[in-house]
Amino acid sequence: MSLLQQTGDVFKAYFLPALLVLVVLHFAINRYGYGLGKIPGPFVASLTDFWRMFHAYTNKGHQDYLLHRKYNSPVLRVGPKTVAVASPDAVRVIYGWKPVYRKTQIYTTQSQLNSNGQLVENLASTMDEEKHTRLAKPVAAAYGMSTLVEFEPLVDSTSRTFVEQMEQRFARPTKECPLDRWLQMYAFDVIGELTFSKRIGFLETGQDVDQMMYHTGRFMEYTGVVGQVPNLDWYFRIKNPILHMLRPTSNILGFTLKQIREHQKSSHSPSDSHSGPRDFLTRFLEAREKYPDIVDEGLVHDYANTNVAGGSDTTAIILRTLVHQFVTQRSILDKVLGEIGAALRARQAPGDADPDPDPDADADMDRPITWAEGLKMTYYQACIKEALRFHPATAQILPRLVPAGGVELGGHYLPPGTVVGCNAWSVHRDPVLYGQDVDRYRPERWLEVSPDQARKMETSLLTFGAGKRACVGKNIAMLEITKFIPEFFRRFDVELVDPERWKITSTWLAVQSGLDVRLKVRPLESLLAE
Ligand code: HEM
């Protein structure tokens, strides 16, 4: 018998059976070894995290609520050590303040690689809560409510450009506008204005500048899919020598650094920077002066980069939902138009809402819908809440680690170290809290209930996350959403080209496409007439 034959026989006799035993053992430990054996869920999910990876890859994350319905359980096992909980009460526990449940390794995939090929944790991605507290403090005020008033003119300037571009490029009966893309370009340019005092030029050029929309999209997909088995990130990205050779700095960070360099060319120090509102970058540079022991140059770059990476795709999703609902449910739009008309008529009235009316009445009428006006539109505010409920931007659980001592949720004990999280899509379809018709977009649900109930519904929304790690950009996003949609519909009559084109592709984010519309300029008189 040749040596080759002998080796083959040994392989068949010992190695293959041993491998089989190991594989079976591995799956048995996954299934029964983590104290989660009694929790319902897809069988394969209890064996391997690759189930969740496939689930995300095949666009099913945003439909997790269907799984909860299928297994008739708010608590589902979606991995050997991972549990999804669909209950508003669980939101308060998992994303509460005492104790703070730590973020899990999926967030490593949201850290960027710097020019030395090192992984740099940022405000959103760090798993170390003490570090997070340190990083958050110097910039908390920049994202605060009081800063919003200063940012409003910057949002207005981008809105004006958006309207101009729509008029020039699309406001013709036969022309189709791929509005899903344009809304994202709008959101990107707003973030550019707020962060660098400069629109990046998406709207003016009508192009995906430096392919940033493409790259942020791929980045979110990477997190959503590879993040399910985060160790893969080491091989695909962190320790990948070819990637490091070809592209040492990640595309998004590279783009941010370019914007920072251009910003610096137009100013010399934080204090003498730009006339007009102080942008985020200026505020981050001020934070470096005030907190030199915490904020270094690299951190300034990271702060700016987190705005770029986290602030546009998300906002565009909410804008798309609102437009889509308004063009497919005209009765809703009519009510909003009624409120817009009332806001504009109030500008004409003596002693109107604006304490400092423009002496030129036409200019006053032409100025974009203000934050104050948007907040007074009660029905439109309900439309926003309903959009945040109906189509949250993130399409997966926001995973956290169960701390020492474990936790009891939905009648199941979860041992320490279990990964647990809520998917906003599932929590927001809780029929007890939001009503039996949760699968419908119906703003009225927010107005029909008692103020107490409405508050409970609102505080259970997970669209912006919750607790210590909730979204710092929420106020900015609300400023954009509150102002932009009334402004857009005030200027244009919008018609959906083909309802069949609407599509949701979900990984980390649930991104819509197919919002192709035709636009007609809406005469102001039609809004002013009661
Ligand atoms: C509608 C728009 C937005 C939505 C739906 C949204 C959603 C979220 C969510 C769900 C989280 C928590 C993620 C988690 O727990 O895993 C988050 C965190 C974060 N968001 Fe947003 N976001 C939006 C807009 C923005 C904007 C405009 C900015 C920046 C200007 C921003 C910056 C951040 C940052 C820095 C964090 C990390 C916060 C921390 O961990 O302390 N977001 N966002």
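Coordinates for the structure precede this section.
Reference entry: report on the structure contained in this document. The model shown is predicted, which means the values in this text are computed figures rather than measured ones.

Digging into the packing of aromatic side chains
Argument step 1. In total, this model carries 19 aromatic pairs according to the counting rule given.
Argument step 2. Taking 4.7 Å as the distance between ring centres and 35° as the angle between the ring planes, the aromatic pair formed by Tyr 143 and Phe 280 counts as tilted. Of this pair, Tyr 143 sits in the loop between α6 (129–136) and α7 (145–169) while Phe 280 sits in helix α14 (residues 280–290), and the two are 137 residues apart along the sequence. The burial state of Tyr 143 is the same as that of Phe 280; both residues are buried.

Points about the site of the ligand
Argument step 1. Lining the immediate environment of the ligand, one finds 26 residues, of which Tyr 107, His 132, Arg 400, Arg 469 and Cys 471 sit closest.
Argument step 2. Leu 123 is positioned with one of its backbone polar atoms (N or O) 3.2 Å from an oxygen atom of the ligand.
Argument step 3. Contact between the ligand and His 132: an oxygen atom at 2.5 Å from a side-chain N or O atom of the residue.
Argument step 4. At the level of elements, α15 (297–310) and α16 (313–328) are the ones that each hand at least two residues to the shell around the ligand.
Argument step 5. In terms of residue class, the shell around the ligand is made up of 13 nonpolar, 10 polar and three charged.

Overview of the packing of α14 against α15
Argument step 1. In the contact formed by α14 and α15, the axes pass within 10 Å of each other and the chain directions differ by 150°. Relative to α15, α14 is oriented roughly antiparallel. Of the two possible hands of crossing, α14 and α15 adopt the one that is right-handed. Each of Phe 280, Leu 281, Phe 284, Leu 285 and Arg 288 in α14 lies in contact with α15, whose residues at this interface are Glu 297, Val 300, Tyr 303, Ala 304 and Asn 307.
Argument step 2. Broken down by class, the residue content of the contact of α14 with α15 amounts to seven nonpolar, one polar and two charged.

Each value, and the rule that gives it
Residues numbered from 1 in each chain as written. Predicted model: local features only at pLDDT ≥ 70, side-chain atom pairs only at ≥ 80, totals over all residues. Heavy atoms only, no water. Phe/Tyr/Trp six-rings, centres within 6.5 Å; stacked < 30°, edge-to-face > 60°. Helix = DSSP H or I, 4+ residues; strand = E, 2+ residues; numbered from the N terminus. Buried < 20%, exposed > 50% of the residue type's maximum accessible area, 1.4 Å probe, protein only. Near = heavy atom within 4 Å. Polar contact = N/O pair within 3.5 Å; in protein donor to acceptor, adjacent residues only side chain to side chain. Nonpolar A, V, L, I, M, F, W, Y, C, P; charged D, E, K, R; others polar. Axes fitted to C-alpha atoms, helices over the stretch in contact; angles between N-to-C directions. Parallel < 35°, antiparallel > 145°, perpendicular 65-115°, else oblique. Left-handed = near helix turned anticlockwise from the far one by under 90°. Contact = heavy atoms within 4.5 Å.

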